[in-house]
Amino acid sequence: MTTGRVEVTAADIARIADVKPTAVSNWRKRHDDFPRPVGGTDRSPRFDLGEVEAWLKQQGKARRIPVAERLWQTFESVRGSSAAEDALALTGVLLLHLHVHPGEPIPQDKGGFGRLMERAEHTFAHAPGGAVGSLGQLVTPLQYDLGTRQLSLLAAAAEAAAAEGAEETFDQLCERFLAQGPRSGFASTPRELADLMVALVGTPATGAVLDASCGSGTFLLSAAEAGSHRVQGQELNHSLAVLAALRMAFRDAGAGGTGDSAPVSFDIQTGDFLRRPAFPRGRAGAAVGHPPFADRGWGYEDLTADPSWEYGIPPRGESELAWVQHSLAHTVPGAPVALLLPPAVAARPSGRRIRVELLRRGALRAVISLPSGYAAHYALSLQIWVLRHPCANDPAPEGLLVVDASAEADPRELVAKIWSEYAAASSGDFTPRPGVARVVPLIDLLDDADVTPRRHLPQPSAPGVSLEALTATRSAFEDALKALRSRLPSVPELPDLTEIEQAGIRTASLGELAKSGAVVLRRPAPPEGSRTSEGSPGPGEARFLTARDIVEGRPASESGPAPEDPLQHQPVRTGDILLPVVTRTIVARVATDEDAGAYPVSTLHHIRVTDTELLDPWFLAGYLSSSEGGHQAASATSSLHTRVDPRRVRVPLLPIERQRAYGEAFRTIAEFTRALRAAHDLGQDLARNSTDAVAAALRGADADADAAVPLSL
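A brief report on the enclosed structure follows. (Residues numbered from 1 in each chain as written. Predicted model: local features only at pLDDT ≥ 70, side-chain atom pairs only at ≥ 80, totals over all residues. Heavy atoms only, no water.)

What the protein contains, in helices and strands, is 22 helices and 24 strands. Here the protein holds 713 residues, and the buried ones make up 47% of them. Accessible area of the protein: about 33700 Å², with a carbon and sulfur share of 51%. (Helix = DSSP H or I, 4+ residues; strand = E, 2+ residues; numbered from the N terminus. Buried < 20%, exposed > 50% of the residue type's maximum accessible area, 1.4 Å probe, protein only. Areas by Shrake-Rupley, 256 points an atom, 1.4 Å probe, with all protein chains shown as cover.)

Here you go:
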């Protein structure tokens, strides 16, 4: 069978061959027979996978490419001719058929694959657990005109299924697709977040769990695993709806017996939920979801008279409140609802009237702030709104539970525990957690109805504001001041460049000194991999010095994979000089024993004095940091930053003994600067902790005096 060419990037080749990307770059430079690019751009070329595989085999650099990796690269190559979710839906239908019928022979021609896909679509349309007729409606638009790339993809999927199993192949393909984030074409919800939100609504005794913007079906899978017997989903993107149904069908095909692994009835429809909901109102036992954010085309003009607007017609810019009301309207009275929403929904003036009604009628029960970035692909601190469809005889609500989990590395346990405590007790008996959780009385909310948790949570007293801690901080600050006084530098006057020239002292630019070999000037290459600023380096990792480290006088603050190319990256030695490429204040730092072994990043100039009888490193660093040296080094200046080129600086070549004397003075100034910074940091801590201690005392005094303070005050 003729298959299409599969293209890969240099990063793909590195992963296949289990090397770093720089190794692939070196192969291209050193081996004339390395495959030529077949696409892409000069900066990001693409190569033929077959040619790369043959070259790697010839060089003995890799075994045969794993079938799962070949499938993924084939899948990536199809993106140019169809959407990724279309290709995944097509592949998933075939893999489900091969999972249900593992002995199915794989054809070798286009006609044979066409007939195989007809049988596969029939298998999908009659998957156990799927609502009668709904899967057939989903599969009908999947009639593809199988081109060369699609045939190549189906062949790779069949090969992977034979080697690793159809279900395992489908799971791996889905996992990699969903991990791509925005590149996948939609905002997928992390499974751990879906599990948390499903836990907040629980398992309904009657009725289905509804996700009206189900995407790839993560919430539906989570609800099924949590024990729900029926799930319903609707998705505007047809191929994503097929993907959600496929994930449920695979789950049911592998399920059996009772308990969590029992088959679940599922019904997934495609279409616009706000304009044309596929399920009747007032039937679902619970609702969860991650509706689209800031959707200006949600149907404001078409839905003015919609019966779902029990709490007010949503303004044009409040699409999220339209989803809130539609979700409530599709559940039975008493049913819980949990939706993931952006933080602006809690405070926008345009939505105030609807928020007030949601609070007054007891529909909005809790607002939970999540950490920034916890919901994948969003830098915002998103919120979970927990709601309840009001019952006719519900008592008047007493307040709103607000939870701020934005500072938690993993908020799941915290939120689950607080919700459990809240559910087990009445609102009045709930024990608040300062800065974390509190039930806010409705009377405090109805003015502007801003339900942002942090606004209503008094912050706890900062740690270390006890008298003992304040005394210790003050003592450390006084010690730092004493150290600062002892390091006040006594600096000999350094003659300016004009006086030096008049005295007949020779000068030379650093560029000239570099050509003579007296110094080595380097600018590291851009990083090869990701670095982190958390914790110490792991096995095989190295420390990295950044421009901020140099300016602030702190140790290497980042770690990551050690660079492989010694020509592009060299570790720092004691006595080397490091200078930021772009900075506000020009500061040159002489590396200490503590810095030795770290790698400078690409935003630093790395200077090494090789002839210490001609040039003293401390003298050179001090001169570069001076006003005169900095003025010469500045190649471009804006109102905020200066770009530094040390090659331009003309260094006075004083006798080496005089250089060392000046160098010792510069070293004294550097020590004074470090002591000054330490005193500054301790002073900031002392001021902050003292302020927190006074604020805590004031809160306590206010609480004691409340009864005696006139209301007019």
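The three strands lie next to each other as β1-β3-β2, forming an open sheet whose pairing is antiparallel. This sheet does not close on itself; its edge strands, each paired only once, are β1 (7-9) and β2 (39-40). Strand direction decides the pairing type here: β2 and strand β3 (residues 45-48), joined by two bridges, are antiparallel. Opposite Gly40, over in β3, you have Pro45 as the bridge partner. Strands in contact with helix α1 (residues 10-17) are β1 and β3; relative to β1, the strand with the most contacts, it is inclined by about 90°. (Pairing = 2+ DSSP bridges. Contact = heavy atoms within 4.5 Å. Axes fitted to C-alpha atoms, helices over the stretch in contact; angles between N-to-C directions.)

Once that is clear, we can look at the environment of Leu178. Here Leu178 lies in helix α9 (residues 166-178). For the pair Leu178 and Ser216, spaced 38 residues apart in sequence, the C-alpha to C-alpha distance is 8.5 Å.

So, about the nonpolar core. Counting 91 residues, the largest nonpolar core has Phe75, Phe124, Leu193, Met248, Ile268, Ile384 and Leu401 as the members making the most contacts within it. Other than its neighbours up to four places away in sequence, Leu193 contacts Leu340, Leu370, Tyr374, Ala375 and Ile384. (Core = buried A, V, L, I, M, F, W, Y, C linked by side-chain atoms within 4.5 Å.)

Let us now look at the side chain of His330. Note on placement: His330 falls in the loop between α13 (319-329) and β8 (336-341). Judged by its relative accessible area of 1%, His330 falls in the buried class. Looking at His330, its side chain comes within polar contact range of the main-chain oxygen of His326, at 2.9 Å. In contact with His330, not counting residues within four places along its chain, are Leu210, Phe273, Pro277, Phe279, Pro280, Arg281, Gly282, Arg283 and Ala284. (Polar contact = N/O pair within 3.5 Å; in protein donor to acceptor, adjacent residues only side chain to side chain.)

A word on the packing of α9 against helix α12 (residues 238-254). Two numbers describe how α9 lies on α12: the axes approach to 11 Å, and their chain directions differ by 140°. Crossing of α9 against α12: the hand is left-handed. Here Ala166, Glu167, Phe170, Cys174, Phe177 and Leu178 of α9 lie close against α12, whose contacting residues are Leu243, Leu246, Arg247 and Phe250. The residue makeup of the contact of α9 with α12, split by class, is eight nonpolar, no polar and two charged. (Left-handed = near helix turned anticlockwise from the far one by under 90°. Nonpolar A, V, L, I, M, F, W, Y, C, P; charged D, E, K, R; others polar.)

This part covers the sheet that holds β8. Reading across from one edge, β6-β5-β4-β7-β8-β10-β9-β11-β12 is the order of the nine strands in this open sheet, with mixed pairing throughout. Edge positions in the open sheet fall to β6 (265-270) and β12 (437-441), since each of these has one partner strand only. With direction set aside, neighbouring strand axes in the sheet form an average angle of 15°. Looking at chain direction, strand β4 (residues 209-211) and strand β5 (residues 230-235) are connected through three bridges and run parallel. Bridged to Leu210 within β5 is Gln232. Contacting β7 (286-289), β8 and β10 (383-388), α13 runs over the sheet at an angle of about 165° to β8.

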